[in-house]
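Structure assessment
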Amino acid sequence: MSWTNEDHLLLYCCRTEIDNRIKDKTIEIQRDNIDWDCFLKKARENGISAIVYLKLNEKKNDYRNIPSIIFEEFKKDYYVNATKNTLIFEGLGKVLQAFNKTGLQVIVLKGAALAEIVYGNLALRPMSDIDLLVKKEDLLRIDEQLKIQGYLPSDGSVKDINFSSAYLTTLDYRSPSKNLPSFHIHWHFVNSSIPNESYITYIKMEDIWQDAEKTKIANVETLVMAPHHLVIHLSEHALRVTHSLSKFCFFCDINEAINFYQERLDWDQLIKDSFKFNLNRMVYLSLYFASKFLATKIPEDVLLKLIPKRFSMCEKIFMNSVSNNNRFPGLSYLVHLSMNKGLLKKMKFVGRTLFPPRQVIAQRSYIPQSKLGYFHYFNRINEVFSSLLKTLK
């Protein structure tokens, strides 16, 4: 796959700042043959149609060639997203108020924190659920309060949690009402169905809680990650195997966070904690591509300090694939594989990817362990090898 005119135009729309040189190039691209239907489709697939609409609407004189029907579709996406997120934030506000009344602290993660604080516009950041980070010791009380609010865990139970697991670290709470959002309750910000021993044990959640900042979200006092931890988390999140930098929205989140915090972002602490958490490779890759694609303002010495001394063959394949716009879920498995040093650890990593604990398969399939069958493991193996085959192709 290569970079098309539609791809380049989408990236220009995602940039925080567009200088005259970029502006001229944008106009030049539009003079070429743009498949506007393809442009709209790719914007939706990359989770950025609302961002693109805002740029199209602000710079109408620069985007005169866009058909009115396509522009109206972008406009519809923007307002549908705004309406949906308004309802989500209403539900979030009620839950945060309930937590505050009982003395429960939570850290609002990713989408909800980014939409209100970083983007400053609820319409710009699509959300499928609300991610909240909680303390392990508070989980039973969190569970109780969510049940009072009408939310029930749909993929497991607090009583079945294995805190020593290097796999999934969340429970998904949902309400029977379709108008209420679902809540993804985290006790660790790393969450994946592949084993994460190579870095999860290095991340001490007390560091995240200690540096967390007070703010207001949905008009309720709460906590969010400190800027340096937010960028680390967004970088790790973007490189999860199911994400693999496959959507432009991952770059937008990082770009907007860095642009918003600017002088408040402690780059030295970011570098220090990236190495401390053993996430420096992920942070480097995410920041490198954000800088390459969106011209994100990252100090040059930051990338120089984060860059690994050498890249493995798997990491080189990953970087080359992303650079050539061949981005798809599953690709970053190559990075995770490389982070397991030595042949034995790599073999163990692959084996535990194919055959995770029963609890992980059951939780990911949203079924009780008692209903787990051999075909669930067959599906898991098929899923892994399908991704591997796509990577090899």
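Above: the structure in question.
1. Let's talk about the overall build of the protein chain
Counting secondary structure elements, the protein chain contains 18 helices and 7 strands. Computed over its C-alpha atoms, the radius of gyration of the protein chain comes to 21 Å, within 12% of the 21 Å expected for a compact globule of 393 residues. Restricting the contact set of the protein chain to residue pairs at least 6 apart, pairs at least 24 apart contribute 70%. About 18800 Å² of surface is accessible on the protein chain, with carbon and sulfur atoms providing 52% of the total.

2. Thoughts on the environment of Lys 247
If you trace the backbone, Lys 247 turns up in the loop between helix H9 (227-238) and helix H10 (248-261). Along the backbone, Lys 247 and Ile 48 are 199 residues apart, and their C-alpha atoms lie at a distance of 8.7 Å. If we skip the residues at most four places from it in the chain, Lys 247 touches Glu 45, Asn 46 and Arg 327.

3. Points about helix H7 (residues 139-148)
Considered for burial, the residues of H7 that qualify are Leu 139, Ile 142, Asp 143, Gln 145 and Leu 146. Burial along H7 is one-sided: seen end-on, the buried residues are contained in an arc of 165°. Every exposed residue of H7 that faces more than 90 degrees away from the buried side is listed here: Leu 140 and Ile 148. Packing partners of the buried residues in H7 comprise helix H5 (68-101), strand S3 (152-153), strand S4 (170-174) and strand S5 (183-186). Residue Gly 150 follows H7 closely and has a positive phi angle near 95°.

4. Comments concerning the side chain of His 243
Within the secondary structure, His 243 sits in the loop between H9 and H10. Classification of His 243 by relative accessible area gives buried; the value is 17%. Ignoring sequence-local partners within four residues, the contact set of His 243 consists of His 237, Ala 238, Phe 250 and Pro 329.

5. Points about the nonpolar core
Note on soluble globular proteins: their nonpolar side chains tend to be buried together. In terms of nonpolar packing, the biggest core is built from 119 residues, with Ile 48, Phe 74, Leu 287 and Phe 318 touching the most fellow members. In terms of residues, this core owes the most to one element, H5, which gives 11 residues. If we skip the residues at most four places from it in the chain, Phe 318 touches Leu 239, Ser 244, Leu 245, Leu 285, Phe 289, Leu 331, Ser 332, Leu 334 and Val 335. In this structure, Val 241, Tyr 333, Leu 337 and Phe 349 belong to the second largest nonpolar core, which totals 5 residues.

6. Thoughts on the pattern of salt bridges
Scanning the entire structure with this criterion turns up 14 salt bridges. As a salt-bridge pair, Arg 240 and Glu 236 come within 2.8 Å of each other at their nearest N and O atoms. With relative accessibility at 6%, the residue Arg 240 sits in the buried group. Among the charged side chains, a network of salt bridges with common partners joins Arg 44, Glu 73, Lys 76 and Asp 77.

Parameters at a glance
- Residues numbered from 1 in each chain as written.
- Predicted model: local features only at pLDDT ≥ 70, side-chain atom pairs only at ≥ 80, totals over all residues.
- Heavy atoms only, no water.
- Helix = DSSP H or I, 4+ residues; strand = E, 2+ residues; numbered from the N terminus.
- Rg over C-alpha atoms; globule rule 2.2 N^0.38 Å.
- Contact = heavy atoms within 4.5 Å.
- Areas by Shrake-Rupley, 256 points an atom, 1.4 Å probe, with all protein chains shown as cover.
- Buried < 20%, exposed > 50% of the residue type's maximum accessible area, 1.4 Å probe, protein only.
- Arc of directions from axis to C-beta.
- Core = buried A, V, L, I, M, F, W, Y, C linked by side-chain atoms within 4.5 Å.
- Salt bridge = Lys/Arg side-chain N within 4 Å of Asp/Glu carboxyl O.

Geometry only, nothing functional implied.
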